[in-house]
Amino acid sequence: MGSDPFGLAAALDERRAAGLYRSVRRVEGASSPHLAIDGRDYLNLASNNYLGLTTHPRVVGAAADALRQYGTGAGASRLIAGHLAIHEQLETALAAFKQTEAALVFPTGYMANLGAITALVGPGDLVIADRLAHASLIDACRLSRATFRVYPHGDVERLRALLARRRGARRTLVVTDSVFSMDGDLAPLPALWDVCRAHDAWLLVDDAHGAGVLGATGRGALEHVGMAPTDGVIQMGTLSKAFGSLGGFIAGSTTLIEYLRNTARAFIYTTALPPPAAAAALAAIRVVQEEPALRQALWARQAQWTDGLTRLGLPLVSNATPIVPILLGDTARTMAVAQALQHAGIYAPGIRPPTVPEGAARIRTTVMATHAAEELDEALVKIAALVHRGEL
Ligand SMILES: Cc1ncc(COP(=O)(O)O)c(C=O)c1O
(Lines give C-alpha, C1' and ligand atoms only; values in the text may rest on other atoms or scores of the structure.)
Protein backbone atom coordinates (compact mmCIF):
# COMPACT_ATOMS: atom_id res chain seq x y z
CA MET A 1 0.00 0.00 0.00
CA GLY A 2 1.46 3.41 -1.00
CA SER A 3 1.26 6.53 1.10
CA ASP A 4 -1.90 7.60 -0.74
CA PRO A 5 -4.08 4.45 -0.85
CA PHE A 6 -7.24 6.46 -1.54
CA GLY A 7 -5.68 8.10 -4.62
CA LEU A 8 -6.35 11.58 -3.30
CA ALA A 9 -3.44 13.21 -5.16
CA ALA A 10 -4.63 11.70 -8.46
CA ALA A 11 -8.18 12.90 -7.78
CA LEU A 12 -6.85 16.41 -7.19
CA ASP A 13 -4.79 16.22 -10.39
CA GLU A 14 -7.92 15.24 -12.30
CA ARG A 15 -9.73 18.24 -10.90
CA ARG A 16 -6.86 20.52 -11.90
CA ALA A 17 -6.85 19.09 -15.42
CA ALA A 18 -10.60 19.67 -15.73
CA GLY A 19 -10.28 23.28 -14.53
CA LEU A 20 -12.30 22.44 -11.43
CA TYR A 21 -9.65 22.80 -8.76
CA ARG A 22 -10.79 25.02 -5.90
CA SER A 23 -8.67 27.00 -3.50
CA VAL A 24 -9.35 29.59 -0.84
CA ARG A 25 -8.19 33.14 -1.25
CA ARG A 26 -7.31 35.15 1.82
CA VAL A 27 -9.23 38.41 1.85
CA GLU A 28 -8.48 41.22 4.24
CA GLY A 29 -10.91 43.32 6.27
CA ALA A 30 -14.62 43.07 6.96
CA SER A 31 -17.23 41.88 4.47
CA SER A 32 -17.88 45.28 2.92
CA PRO A 33 -18.31 46.82 -0.54
CA HIS A 34 -14.54 46.59 -0.94
CA LEU A 35 -12.12 43.83 -0.10
CA ALA A 36 -8.36 43.56 -0.29
CA ILE A 37 -6.32 40.62 -1.54
CA ASP A 38 -2.53 40.77 -1.21
CA GLY A 39 -2.84 44.46 -0.41
CA ARG A 40 -4.83 45.37 -3.57
CA ASP A 41 -8.30 46.86 -3.26
CA TYR A 42 -11.24 45.36 -5.21
CA LEU A 43 -14.90 46.20 -5.57
CA ASN A 44 -16.58 43.31 -3.75
CA LEU A 45 -19.37 41.79 -5.83
CA ALA A 46 -19.21 38.50 -3.95
CA SER A 47 -20.87 39.13 -0.61
CA ASN A 48 -24.23 37.95 0.71
CA ASN A 49 -24.03 40.67 3.35
CA TYR A 50 -26.80 42.40 1.38
CA LEU A 51 -27.58 45.18 3.85
CA GLY A 52 -24.05 45.65 5.16
CA LEU A 53 -25.16 44.56 8.62
CA THR A 54 -21.94 42.70 9.54
CA THR A 55 -20.46 46.11 10.34
CA HIS A 56 -23.62 48.02 11.34
CA PRO A 57 -22.97 49.79 14.68
CA ARG A 58 -26.13 48.42 16.33
CA VAL A 59 -25.31 44.87 15.26
CA VAL A 60 -21.65 45.07 16.24
CA GLY A 61 -22.61 46.72 19.54
CA ALA A 62 -25.10 43.96 20.38
CA ALA A 63 -22.52 41.27 19.63
CA ALA A 64 -19.93 43.05 21.80
CA ASP A 65 -22.40 43.37 24.70
CA ALA A 66 -23.29 39.67 24.44
CA LEU A 67 -19.62 38.77 24.33
CA ARG A 68 -19.08 40.58 27.62
CA GLN A 69 -22.23 39.17 29.19
CA TYR A 70 -22.04 35.54 28.05
CA GLY A 71 -18.49 34.98 26.80
CA THR A 72 -17.54 33.46 23.49
CA GLY A 73 -19.44 30.18 23.43
CA ALA A 74 -22.63 28.64 24.76
CA GLY A 75 -20.69 25.73 26.22
CA ALA A 76 -23.31 23.04 25.65
CA SER A 77 -26.05 21.94 23.31
CA ARG A 78 -29.39 23.67 23.61
CA LEU A 79 -31.08 20.71 25.30
CA ILE A 80 -28.33 20.25 27.87
CA ALA A 81 -27.19 23.60 29.29
CA GLY A 82 -26.66 25.85 26.25
CA HIS A 83 -30.12 27.41 25.95
CA LEU A 84 -29.68 31.06 26.93
CA ALA A 85 -32.03 34.03 27.16
CA ILE A 86 -30.47 35.43 23.98
CA HIS A 87 -31.51 32.30 22.03
CA GLU A 88 -35.02 32.57 23.38
CA GLN A 89 -35.23 36.25 22.44
CA LEU A 90 -33.89 35.50 18.98
CA GLU A 91 -36.45 32.75 18.37
CA THR A 92 -39.29 34.96 19.59
CA ALA A 93 -38.13 37.75 17.27
CA LEU A 94 -37.78 35.37 14.32
CA ALA A 95 -41.28 33.96 14.83
CA ALA A 96 -42.71 37.49 14.96
CA PHE A 97 -40.68 38.51 11.90
CA LYS A 98 -41.84 35.48 9.92
CA GLN A 99 -45.38 35.77 11.33
CA THR A 100 -45.41 32.22 12.64
CA GLU A 101 -46.20 30.80 16.06
CA ALA A 102 -42.64 29.70 16.75
CA ALA A 103 -39.11 29.38 15.43
CA LEU A 104 -36.10 27.20 16.11
CA VAL A 105 -32.48 28.30 15.64
CA PHE A 106 -29.72 25.98 14.42
CA PRO A 107 -25.97 26.74 14.30
CA THR A 108 -26.04 27.24 10.50
CA GLY A 109 -28.54 27.37 7.67
CA TYR A 110 -27.05 24.18 6.27
CA MET A 111 -27.85 22.46 9.55
CA ALA A 112 -31.38 23.90 9.66
CA ASN A 113 -32.11 22.22 6.33
CA LEU A 114 -30.38 19.01 7.33
CA GLY A 115 -32.09 18.90 10.71
CA ALA A 116 -35.59 19.77 9.56
CA ILE A 117 -35.79 17.60 6.46
CA THR A 118 -34.30 14.48 8.03
CA ALA A 119 -36.68 14.91 10.98
CA LEU A 120 -39.75 15.35 8.80
CA VAL A 121 -39.28 12.58 6.24
CA GLY A 122 -37.66 9.16 6.31
CA PRO A 123 -38.02 5.69 4.82
CA GLY A 124 -41.53 5.23 3.40
CA ASP A 125 -41.92 8.97 2.75
CA LEU A 126 -41.42 11.01 -0.41
CA VAL A 127 -39.32 14.17 -0.73
CA ILE A 128 -39.21 16.19 -3.96
CA ALA A 129 -36.81 19.04 -4.74
CA ASP A 130 -36.33 21.60 -7.48
CA ARG A 131 -33.39 20.44 -9.59
CA LEU A 132 -31.43 23.61 -8.73
CA ALA A 133 -32.14 23.47 -5.00
CA HIS A 134 -29.23 24.43 -2.74
CA ALA A 135 -26.75 21.69 -1.86
CA SER A 136 -27.90 21.70 1.77
CA LEU A 137 -31.44 20.83 0.65
CA ILE A 138 -30.21 18.12 -1.68
CA ASP A 139 -27.91 16.64 0.98
CA ALA A 140 -30.76 16.65 3.49
CA CYS A 141 -33.09 14.88 1.03
CA ARG A 142 -30.48 12.19 0.40
CA LEU A 143 -29.67 11.78 4.07
CA SER A 144 -33.35 11.46 4.99
CA ARG A 145 -33.59 8.05 3.24
CA ALA A 146 -37.03 9.01 1.98
CA THR A 147 -37.70 8.33 -1.70
CA PHE A 148 -36.10 11.34 -3.41
CA ARG A 149 -37.26 12.87 -6.70
CA VAL A 150 -36.41 16.12 -8.47
CA TYR A 151 -38.45 18.25 -10.87
CA PRO A 152 -36.97 20.50 -13.57
CA HIS A 153 -36.20 23.99 -12.34
CA GLY A 154 -39.40 25.87 -11.47
CA ASP A 155 -41.56 23.37 -13.37
CA VAL A 156 -44.83 23.24 -11.44
CA GLU A 157 -46.52 20.89 -13.94
CA ARG A 158 -43.75 18.31 -13.59
CA LEU A 159 -44.07 18.55 -9.84
CA ARG A 160 -47.82 18.04 -10.18
CA ALA A 161 -47.19 14.91 -12.28
CA LEU A 162 -44.74 13.54 -9.70
CA LEU A 163 -47.23 14.14 -6.92
CA ALA A 164 -50.07 12.56 -8.93
CA ARG A 165 -47.97 9.41 -9.49
CA ARG A 166 -47.11 9.09 -5.82
CA ARG A 167 -48.05 5.71 -4.36
CA GLY A 168 -48.40 4.97 -0.67
CA ALA A 169 -45.96 7.52 0.73
CA ARG A 170 -46.73 8.34 4.34
CA ARG A 171 -45.61 11.95 4.21
CA THR A 172 -44.71 14.03 1.17
CA LEU A 173 -42.46 17.07 1.40
CA VAL A 174 -41.52 19.42 -1.44
CA VAL A 175 -38.43 21.58 -0.96
CA THR A 176 -37.29 24.65 -2.87
CA ASP A 177 -35.15 27.74 -2.54
CA SER A 178 -37.22 30.95 -2.63
CA VAL A 179 -34.34 32.79 -4.33
CA PHE A 180 -32.00 30.36 -6.11
CA SER A 181 -28.53 31.05 -4.83
CA MET A 182 -26.62 30.64 -8.10
CA ASP A 183 -29.36 31.91 -10.43
CA GLY A 184 -30.95 34.74 -8.48
CA ASP A 185 -34.41 33.88 -9.79
CA LEU A 186 -37.54 33.27 -7.73
CA ALA A 187 -39.45 30.04 -7.24
CA PRO A 188 -43.13 30.18 -8.28
CA LEU A 189 -44.21 29.86 -4.64
CA PRO A 190 -48.00 30.39 -4.91
CA ALA A 191 -48.28 27.82 -7.73
CA LEU A 192 -46.03 25.36 -5.87
CA TRP A 193 -48.12 25.70 -2.73
CA ASP A 194 -51.38 25.23 -4.68
CA VAL A 195 -50.07 21.96 -6.09
CA CYS A 196 -48.72 20.81 -2.73
CA ARG A 197 -51.98 21.59 -0.97
CA ALA A 198 -53.97 19.70 -3.60
CA HIS A 199 -51.83 16.63 -2.96
CA ASP A 200 -51.51 16.83 0.85
CA ALA A 201 -47.82 17.67 0.58
CA TRP A 202 -45.93 20.14 2.74
CA LEU A 203 -43.66 22.77 1.22
CA LEU A 204 -40.33 23.77 2.76
CA VAL A 205 -39.18 27.16 1.46
CA ASP A 206 -35.48 27.95 1.91
CA ASP A 207 -35.57 31.74 2.19
CA ALA A 208 -31.82 32.12 2.79
CA HIS A 209 -31.55 34.90 0.20
CA GLY A 210 -35.05 36.31 0.68
CA ALA A 211 -35.27 37.13 4.39
CA GLY A 212 -34.32 40.74 5.04
CA VAL A 213 -34.26 41.46 1.31
CA LEU A 214 -37.65 40.63 -0.24
CA GLY A 215 -41.10 41.95 0.62
CA ALA A 216 -42.40 45.39 1.55
CA THR A 217 -41.08 45.03 5.11
CA GLY A 218 -38.23 42.62 4.37
CA ARG A 219 -39.94 39.54 5.80
CA GLY A 220 -38.92 37.55 2.76
CA ALA A 221 -40.31 35.60 -0.13
CA LEU A 222 -43.80 34.92 1.21
CA GLU A 223 -44.39 38.60 1.80
CA HIS A 224 -42.97 39.37 -1.65
CA VAL A 225 -45.54 37.13 -3.38
CA GLY A 226 -48.41 37.97 -1.02
CA MET A 227 -48.67 34.52 0.60
CA ALA A 228 -49.80 34.38 4.21
CA PRO A 229 -47.73 32.07 6.40
CA THR A 230 -49.69 28.91 6.96
CA ASP A 231 -49.26 25.44 8.45
CA GLY A 232 -47.84 23.25 5.72
CA VAL A 233 -45.47 25.96 4.47
CA ILE A 234 -42.26 25.59 6.46
CA GLN A 235 -40.11 28.69 6.30
CA MET A 236 -36.39 28.14 6.58
CA GLY A 237 -33.89 30.97 6.70
CA THR A 238 -30.33 31.79 7.52
CA LEU A 239 -28.85 34.45 9.76
CA SER A 240 -25.64 34.50 7.72
CA LYS A 241 -26.67 36.62 4.75
CA ALA A 242 -28.84 39.76 5.09
CA PHE A 243 -28.70 39.40 8.89
CA GLY A 244 -24.90 39.50 8.82
CA SER A 245 -24.27 36.84 11.45
CA LEU A 246 -24.31 33.04 11.51
CA GLY A 247 -27.06 30.53 12.19
CA GLY A 248 -30.12 29.09 10.52
CA PHE A 249 -33.74 28.79 11.52
CA ILE A 250 -37.05 27.12 10.87
CA ALA A 251 -40.25 29.10 11.44
CA GLY A 252 -43.66 27.47 11.66
CA SER A 253 -46.36 26.21 14.01
CA THR A 254 -45.72 25.53 17.69
CA THR A 255 -46.26 21.82 17.01
CA LEU A 256 -43.72 21.77 14.18
CA ILE A 257 -41.10 23.52 16.29
CA GLU A 258 -41.75 21.29 19.29
CA TYR A 259 -41.42 18.27 17.02
CA LEU A 260 -38.12 19.50 15.56
CA ARG A 261 -36.79 20.32 19.02
CA ASN A 262 -37.42 16.66 19.87
CA THR A 263 -36.23 15.02 16.68
CA ALA A 264 -33.89 17.19 14.58
CA ARG A 265 -30.46 15.66 15.13
CA ALA A 266 -28.66 18.76 13.77
CA PHE A 267 -30.35 20.69 16.59
CA ILE A 268 -29.98 18.13 19.37
CA TYR A 269 -26.43 16.90 18.91
CA THR A 270 -24.54 20.14 18.47
CA THR A 271 -23.48 23.11 20.58
CA ALA A 272 -25.81 26.10 20.70
CA LEU A 273 -25.16 29.14 18.53
CA PRO A 274 -22.48 31.36 20.17
CA PRO A 275 -24.18 34.16 22.13
CA PRO A 276 -22.50 37.03 20.21
CA ALA A 277 -23.78 35.56 16.92
CA ALA A 278 -27.29 35.24 18.37
CA ALA A 279 -27.22 38.80 19.69
CA ALA A 280 -25.95 40.13 16.36
CA ALA A 281 -28.78 38.37 14.51
CA LEU A 282 -31.37 39.68 16.96
CA ALA A 283 -30.12 43.24 16.51
CA ALA A 284 -30.07 42.72 12.73
CA ILE A 285 -33.76 41.71 12.69
CA ARG A 286 -34.55 44.96 14.48
CA VAL A 287 -32.44 46.98 12.06
CA VAL A 288 -34.21 45.34 9.10
CA GLN A 289 -37.55 46.40 10.56
CA GLU A 290 -36.56 49.85 11.79
CA GLU A 291 -34.26 51.02 8.97
CA PRO A 292 -36.14 50.37 5.69
CA ALA A 293 -33.81 52.85 3.95
CA LEU A 294 -31.19 50.10 3.84
CA ARG A 295 -33.49 47.81 1.85
CA GLN A 296 -34.49 50.70 -0.41
CA ALA A 297 -30.81 51.41 -1.09
CA LEU A 298 -30.22 47.74 -1.90
CA TRP A 299 -33.01 47.70 -4.47
CA ALA A 300 -31.86 51.01 -5.99
CA ARG A 301 -28.37 49.53 -6.46
CA GLN A 302 -29.91 46.32 -7.79
CA ALA A 303 -31.85 48.26 -10.46
CA GLN A 304 -28.80 50.32 -11.39
CA TRP A 305 -26.64 47.21 -11.72
CA THR A 306 -29.06 45.06 -13.71
CA ASP A 307 -29.94 47.98 -16.01
CA GLY A 308 -26.25 48.66 -16.64
CA LEU A 309 -25.39 45.04 -17.40
CA THR A 310 -28.47 44.66 -19.61
CA ARG A 311 -27.51 47.76 -21.60
CA LEU A 312 -24.14 46.12 -22.25
CA GLY A 313 -26.01 43.19 -23.79
CA LEU A 314 -24.77 40.69 -21.19
CA PRO A 315 -26.78 37.48 -20.79
CA LEU A 316 -28.12 37.70 -17.24
CA VAL A 317 -29.55 34.53 -15.73
CA SER A 318 -32.12 36.72 -13.98
CA ASN A 319 -32.59 40.29 -12.85
CA ALA A 320 -35.10 39.77 -10.04
CA THR A 321 -32.91 39.93 -6.94
CA PRO A 322 -29.54 41.25 -5.71
CA ILE A 323 -27.96 38.04 -7.07
CA VAL A 324 -27.20 38.89 -10.70
CA PRO A 325 -25.31 36.12 -12.53
CA ILE A 326 -23.86 36.56 -16.03
CA LEU A 327 -24.20 33.27 -17.91
CA LEU A 328 -21.11 32.33 -19.93
CA GLY A 329 -21.43 28.54 -20.24
CA ASP A 330 -17.87 27.40 -20.75
CA THR A 331 -15.92 26.81 -17.55
CA ALA A 332 -12.48 27.88 -18.84
CA ARG A 333 -13.90 31.06 -20.36
CA THR A 334 -15.75 31.87 -17.15
CA MET A 335 -12.61 31.55 -15.06
CA ALA A 336 -10.71 33.72 -17.59
CA VAL A 337 -13.40 36.39 -17.34
CA ALA A 338 -13.24 36.26 -13.52
CA GLN A 339 -9.48 36.84 -13.85
CA ALA A 340 -9.98 39.75 -16.27
CA LEU A 341 -12.49 41.34 -13.90
CA GLN A 342 -10.09 40.94 -11.03
CA HIS A 343 -7.37 42.53 -13.13
CA ALA A 344 -9.74 45.48 -13.55
CA GLY A 345 -10.25 45.71 -9.79
CA ILE A 346 -13.60 43.88 -9.61
CA TYR A 347 -13.99 40.80 -7.48
CA ALA A 348 -16.80 38.55 -8.77
CA PRO A 349 -16.35 34.78 -8.63
CA GLY A 350 -16.65 32.35 -11.52
CA ILE A 351 -19.12 29.61 -10.58
CA ARG A 352 -18.43 26.20 -12.14
CA PRO A 353 -19.83 22.68 -12.08
CA PRO A 354 -20.71 20.91 -9.89
CA THR A 355 -22.09 24.02 -8.16
CA VAL A 356 -24.01 24.73 -11.42
CA PRO A 357 -24.92 22.26 -14.19
CA GLU A 358 -22.33 21.30 -16.83
CA GLY A 359 -22.11 24.00 -19.53
CA ALA A 360 -23.75 26.62 -17.32
CA ALA A 361 -20.72 28.30 -15.75
CA ARG A 362 -21.25 31.93 -14.85
CA ILE A 363 -19.93 35.00 -13.14
CA ARG A 364 -22.02 35.57 -10.02
CA THR A 365 -22.36 39.18 -8.95
CA THR A 366 -24.18 40.40 -5.86
CA VAL A 367 -24.89 43.98 -4.92
CA MET A 368 -25.13 45.45 -1.45
CA ALA A 369 -27.08 48.37 0.02
CA THR A 370 -23.74 49.84 1.02
CA HIS A 371 -22.24 49.95 -2.48
CA ALA A 372 -21.99 53.56 -3.63
CA ALA A 373 -23.86 54.32 -6.86
CA GLU A 374 -20.67 55.86 -8.27
CA GLU A 375 -18.55 52.77 -7.68
CA LEU A 376 -21.08 50.56 -9.44
CA ASP A 377 -21.07 53.01 -12.36
CA GLU A 378 -17.28 52.85 -12.46
CA ALA A 379 -17.44 49.06 -12.50
CA LEU A 380 -19.92 49.20 -15.39
CA VAL A 381 -17.47 51.36 -17.36
CA LYS A 382 -14.70 48.81 -16.75
CA ILE A 383 -17.00 45.94 -17.76
CA ALA A 384 -17.98 47.83 -20.91
CA ALA A 385 -14.26 48.05 -21.79
CA LEU A 386 -13.93 44.27 -21.39
CA VAL A 387 -16.97 43.76 -23.62
CA HIS A 388 -15.52 46.05 -26.30
CA ARG A 389 -12.18 44.24 -26.19
CA GLY A 390 -14.01 40.94 -26.64
CA GLU A 391 -12.89 39.70 -23.23
CA LEU A 392 -16.45 39.35 -21.98
C1 LIG B 1 -30.17 28.75 -0.51
C2 LIG B 1 -29.25 28.48 0.63
N3 LIG B 1 -29.66 27.67 1.61
C4 LIG B 1 -28.88 27.40 2.66
C5 LIG B 1 -27.62 27.95 2.78
C6 LIG B 1 -26.78 27.59 3.96
O7 LIG B 1 -26.80 28.62 4.89
P8 LIG B 1 -25.59 28.84 5.90
O9 LIG B 1 -24.51 29.53 5.16
O10 LIG B 1 -26.20 29.66 6.98
O11 LIG B 1 -25.18 27.48 6.36
C12 LIG B 1 -27.15 28.81 1.77
C13 LIG B 1 -25.84 29.47 1.79
O14 LIG B 1 -24.87 29.17 2.32
C15 LIG B 1 -27.99 29.07 0.67
O16 LIG B 1 -27.57 29.87 -0.32
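Residues numbered from 1 in each chain as written. Predicted model: local features only at pLDDT ≥ 70, side-chain atom pairs only at ≥ 80, totals over all residues. Heavy atoms only, no water.

1. Examining the domain arrangement of the chain
Per the domain assignment, the segments making up the chain are domain 1 (24-54 + 292-388) and domain 2 (56-290). One C-alpha centre belongs to domain 1, the other to domain 2, and the line joining them spans 26 Å. Tallying the contact residues gives 25 residues for domain 1 and 30 residues for domain 2. With both chains or domains summed, domain 1 and domain 2 bury close to 2000 Å², and 62% of this area falls on carbon and sulfur atoms. (Domains from an automatic or database assignment. Contact = heavy atoms within 4.5 Å. Buried area = accessible area lost by both parts, 1.4 Å probe.)

2. Focus on the site of the ligand
Around the ligand, the structure places 15 residues, and the nearest of them are Gly109, Asp206, His209, Thr238 and Lys241. A distance of 2.8 Å is found between an oxygen atom of the ligand and a backbone nitrogen or oxygen belonging to Gly109. One nitrogen or oxygen atom from the side chain of Thr238 is found 2.7 Å from an oxygen atom belonging to the ligand. Burial of the ligand by the protein amounts to 85% of the accessible area it has alone, namely 390 Å². For the shell around the ligand, the leading source of residues is helix 5 (residues 109-120), giving 3 residues. Its residues assigned to classes, the shell around the ligand shows 2 nonpolar, 10 polar and 3 charged. (Near = heavy atom within 4 Å. Polar contact = N/O pair within 3.5 Å; in protein donor to acceptor, adjacent residues only side chain to side chain. Areas by Shrake-Rupley, 256 points an atom, 1.4 Å probe, with all protein chains shown as cover. Helix = DSSP H or I, 4+ residues; strand = E, 2+ residues; numbered from the N terminus. Nonpolar A, V, L, I, M, F, W, Y, C, P; charged D, E, K, R; others polar.)

3. Observations regarding the pattern of salt bridges
Should the charged atoms of two oppositely charged side chains come close, the side chains can pair. One pass over the full model with this rule turns up 11 salt bridges. When the shortest N-O distance is used, the salt bridge between Arg197 and Asp194 registers 2.8 Å. Highlighted residues: Arg197 and Asp194, both in helix 8 (residues 189-198), separated by 3 residues, approximately one helical turn. Overall, the relative accessible area of 49% leaves Arg197 in the partly exposed class. Classification of Asp194 as partly exposed rests on a relative accessible area of 44%. Residues Arg389 and Glu391 are paired through a salt bridge, measuring 2.8 Å at the closest nitrogen-oxygen approach. Sharing partners across several salt bridges, the network here consists of Arg58, Glu290 and Glu291. (Salt bridge = Lys/Arg side-chain N within 4 Å of Asp/Glu carboxyl O. Buried < 20%, exposed > 50% of the residue type's maximum accessible area, 1.4 Å probe, protein only.)

4. Brief notes about unusual backbone geometry
Here the residue pair Pro353 and Pro354 is connected by a cis peptide bond, since its omega of 5° sits within 30 degrees of zero. Structurally, Pro354 can be placed in the loop between strand 12 (350-351) and strand 13 (361-366). Of note, the phi angle at Asp38 is positive, near 50°, even though the residue is not glycine. With respect to the element layout, Asp38 can be found in the loop between strand 1 (34-37) and strand 2 (40-44). Positive phi values are uncommon outside glycine, yet Arg145 reaches one of about 65°. Within the secondary structure, Arg145 sits in the loop between helix 6 (135-144) and strand 5 (147-151).

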